[in-house]
Amino acid sequence: EELEVNLTTVQRSEFLLREAGKLAKIGAYELNGENNKLYWSDQMFEILEYDDQIAPKLEKLMEILTDVSKERMKKGSFQLENYGTPFELELELINFKKNHLWVRIIAEPIFNNEQNVIGRRGVLQDISNLKKSQFELEISKKNIQASLELLEKSELSLRQAGLMAKVGYWEHDAITDKVTWSDVVYQIYGTTPENGAPDLETILTIFDEESMERLSKAAHDCITKGIPYDLELQLVNLKNEKLWIRNMGKAIYNDQGEFIGRRGVLQDITEHKTNLELAQKSEEMYRLLADNTSDLICLHNPDTSFRYLSPSLGYLMGYDQIDLIDKKI
C-alpha cells in the first residue's frame with residue numbers, strides 16, 4: 001500500500017514538473033559520454049523543433065549554433081569534460097525549422113565511481129522573449145538619448161526620430177507658462193493639438209498614485225535645484241488607455257543662470273514593459289522548477305561561495321538555505 005501511494009505521488013510530481021516545463025519552455029537532456037548518445041525530454045524536441053523520434057548527435061546540435069555561441073559551447077564542454085566544471089550559458093541558434101532562438105543551457109557533469117566524467121545532464125530554456133525585451137529596451141534607451149541630443153539641434157530631426165521610436169518632446173516656459181508638445185506627446189496623453197495641452201493639475205491626475213508622487217517630487221527638484229530626472233511611470237490617459245511611459249526632463253537657464261523652464265522627452269514603453277513582464281514570468285517558472293525538485297541544485301559565485309541552493313537541501317543534508325548562502329564550500 002505504501003508503494004502504491006509513493007508511486008502515485010511520484011507520477012503526480014512528474015506531471016506537475018512536465019507541465020511547468022511547458023509553461024516555462026524548459027526541456028531536460030542527458031548525454032552519455034561513453035556511447036555519445038543523447039536523451040531528450042519532449043520539450044527539447046518542441047523548443048528546437050526537431051521532428052525525429054530520437055535526439056540527434058551532439059555534432060549535429062553544434063551545427064545550428066551561431067559561430068560565437070559555438071565557441072562558447074566548445075569552451076564550456078571542454079571544461080566540463082576535462083575538469084568536471086558545470087556551466088550555464090546563453091546561446092544563439094537557428095533551430096531545425098530555421099527559427100531564430102536564444103536559449104539558456106545548464107550542464108552538470110555525470111561521474112562514475114572513479115570520479116571520471118562519463119557524461120552530462122541538465123536543462124535548456126527558450127529565453128528568446130527575454131532577450132528580445134532586453135534588446136528593445138537597450139534600443140529604446142539609445143533612441144531617447146539620441147532624441148535629447150537632437151532636441152538641442154533640430155526640432156524637425158527630433159520629430160522624425162520620435163515617430164519611429166514613439167518618442168515625443170515637451171517644453172515648459174516658466175516665464176509665460178506656455179507648454180509646447182510634439183504630436184507624439186499628444187498621442188501618449190490621449191488628446192490632440194486642436195484641444196491644446198491640458199494644465200499640469202489635469203496631467204497629474206492621469207498617473208497612478210505612486211507615479212504622481214514621483215513625478216511631482218522630480219519636477220519640484222528640477223525646478224528648485226536643477227536636478228534632471230529619468231522616470232518610468234504608469235498612467236491611464238485621457239482616452240482611458242493604460243500606458244507605461246518614460247519621462248526625462250531637465251532645467252533650462254538663461255545667460256544669467258536664472259531658471260526659465262524645463263524641457264525633455266516622453267516615450268511610450270508599454271510594449272517593452274509587457275514583454276519584460278512576460279519574460280520575468282518565464283524566469284519565475286524556471287525558479288519554480290528548481291525550488292520544487294527533489295534533487296539538490298546550487299549556484300556558486302566565482303569564489304565557490306553559494307549564491308543559490310534549492311530547498312531540497314533541508315531534507316537531503318539537514319541545512320537551511322540561509323545557513324549556507326554566501327558561505328564557501
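Keep in mind that what you see is a predicted model, and the values were worked out from it rather than measured. (Residues numbered from 1 in each chain as written. Predicted model: local features only at pLDDT ≥ 70, side-chain atom pairs only at ≥ 80, totals over all residues. Heavy atoms only, no water.)

## Section: the sheet that holds strand 4 (residues 100-111)
One open sheet holds the 5 strands; their spatial order is 2-1-5-4-3, and the pairing between them is antiparallel. The open sheet has two free edges, formed respectively by strand 2 (37-40) and strand 3 (87-94), since each of these has just one partner strand. On average, each strand axis in the sheet is inclined to that of its neighbour by 25°, with strand direction left out of account. Where strand 4 meets strand 5 (residues 117-126), 9 bridges bridge the pair, whose relative direction is antiparallel. Its bridge partner being in strand 5, Glu 108 is matched across the sheet by Arg 121. Against the sheet, helix 4 (residues 67-83) makes contact with strand 3, strand 4 and strand 5, and its axis sits at roughly 150° relative to strand 3, the strand it touches most. (Pairing = 2+ DSSP bridges. Helix = DSSP H or I, 4+ residues; strand = E, 2+ residues; numbered from the N terminus. Axes fitted to C-alpha atoms, helices over the stretch in contact; angles between N-to-C directions. Contact = heavy atoms within 4.5 Å.)

## What about the nonpolar core?
Grouped together as the largest cluster of nonpolar side chains are 26 residues, with contacts concentrated most on Trp 40, Leu 48, Met 73 and Ile 105. At the level of elements, strand 1 (26-32), strand 2, helix 2 (42-48), helix 3 (58-63), helix 4, strand 3 and strand 4 are the ones that each hand at least two residues to this core. Excluding its chain neighbours within four sequence positions, the residues that come into contact with Met 73 are Met 62, Leu 65, Phe 87, Leu 89, Leu 91, Ile 105 and Arg 120. Of all hydrophobic cores here, the second largest spans 22 residues; its members include Trp 181, Ala 218, Tyr 229 and Leu 266. (Core = buried A, V, L, I, M, F, W, Y, C linked by side-chain atoms within 4.5 Å. Buried < 20%, exposed > 50% of the residue type's maximum accessible area, 1.4 Å probe, protein only.)

## Looking at empty space enclosed by the protein
For the structure shown, the criterion picks out 2 cavities of 30 Å³ or more. Lining the largest cavity are 18 residues, and of these Leu 58, Leu 61, Met 73, Ile 105 and Leu 124 lie nearest its centre. Those elements giving two or more residues to the lining of the largest cavity turn out to be strand 1, strand 2, helix 2, helix 3, strand 3, strand 4 and strand 5. By residue number, the principal contributor to the lining of the largest cavity is helix 3, which donates 3 residues. Its residues placed into classes, the lining of the largest cavity shows 17 nonpolar, no polar and 1 charged. (1 Å grid on protein atoms, 1.4 Å probe; cavity = no way out; pocket = protein on both sides within 12 Å on 5 of 7 lines; lining within 4 Å. Points joined across faces, edges and corners; volume = space filled by probe spheres on them. Nonpolar A, V, L, I, M, F, W, Y, C, P; charged D, E, K, R; others polar.)

## Quick notes on the packing of aromatic side chains
What the rule picks out here adds up to 10 aromatic pairs. Between the aromatic rings of Trp 40 and Phe 45, the centroid separation amounts to 5.0 Å while the plane-to-plane angle is 75°, which identifies the pairing as edge-to-face. Aromatic pair Trp 40 and Tyr 50: ring centres 6.0 Å apart, planes at 75°, arrangement edge-to-face. Pair noted here: Trp 40 is in strand 2 and Tyr 50 is in the loop between helix 2 and helix 3, with a separation of 10 residues, a long-range link. There is no split in this pair, since Trp 40 and Tyr 50 are both buried. Within the aromatic cluster, the residues linked to one another by ring pairs are Trp 40, Phe 45, Tyr 50 and Phe 96. The side chain of Lys 131 reaches across the aromatic face of Trp 102, ending 4.5 Å from its centre. Over the face of the ring belonging to Trp 244 we find Lys 273, whose NZ or CZ atom lies 4.4 Å from the ring centre. (Phe/Tyr/Trp six-rings, centres within 6.5 Å; stacked < 30°, edge-to-face > 60°. Lys NZ or Arg CZ within 6 Å of the ring centre and 35° of its normal.)

## Brief notes about helix 4
Between its first and last C-alpha, helix 4 extends 24 Å over 17 residues, near the 24 Å set by a 1.5 Å rise per residue. Along helix 4, the residues that are buried comprise Ser 69, Met 73, Gly 76, Ser 77 and Leu 80. In a view along the axis of helix 4, the buried residues occupy a sector of 100°, so they form one face of it. Every exposed residue of helix 4 that faces more than 90 degrees away from the buried side is listed here: Asp 67, Val 68, Lys 75 and Tyr 83. Just past helix 4, the residue Gly 84 takes up positive phi, approximately 70°. (Expected span 1.5 Å × (residues − 1). Arc of directions from axis to C-beta.)

## Regarding the pattern of salt bridges
For the structure on display, the rule yields 11 salt bridges. Here Glu 71 makes a salt bridge to Lys 74, at a shortest N to O gap of 4.0 Å. Here Glu 71 and its partner Lys 74 are both found in helix 4, 3 residues apart, which amounts to about one turn of the helix. Between Arg 104 and Glu 88 there is a salt bridge, and its shortest N-O distance comes to 3.4 Å. Separated by 16 residues along the polypeptide, Arg 104 in strand 4 and Glu 88 in strand 3 bring together distant segments of the chain. Judged by relative accessible area, which is 39%, Glu 88 ranks as partly exposed. Look at the salt bridges and you will find they share partners, linking Glu 88, Glu 90, Arg 104 and Lys 131 into a network. (Salt bridge = Lys/Arg side-chain N within 4 Å of Asp/Glu carboxyl O.)

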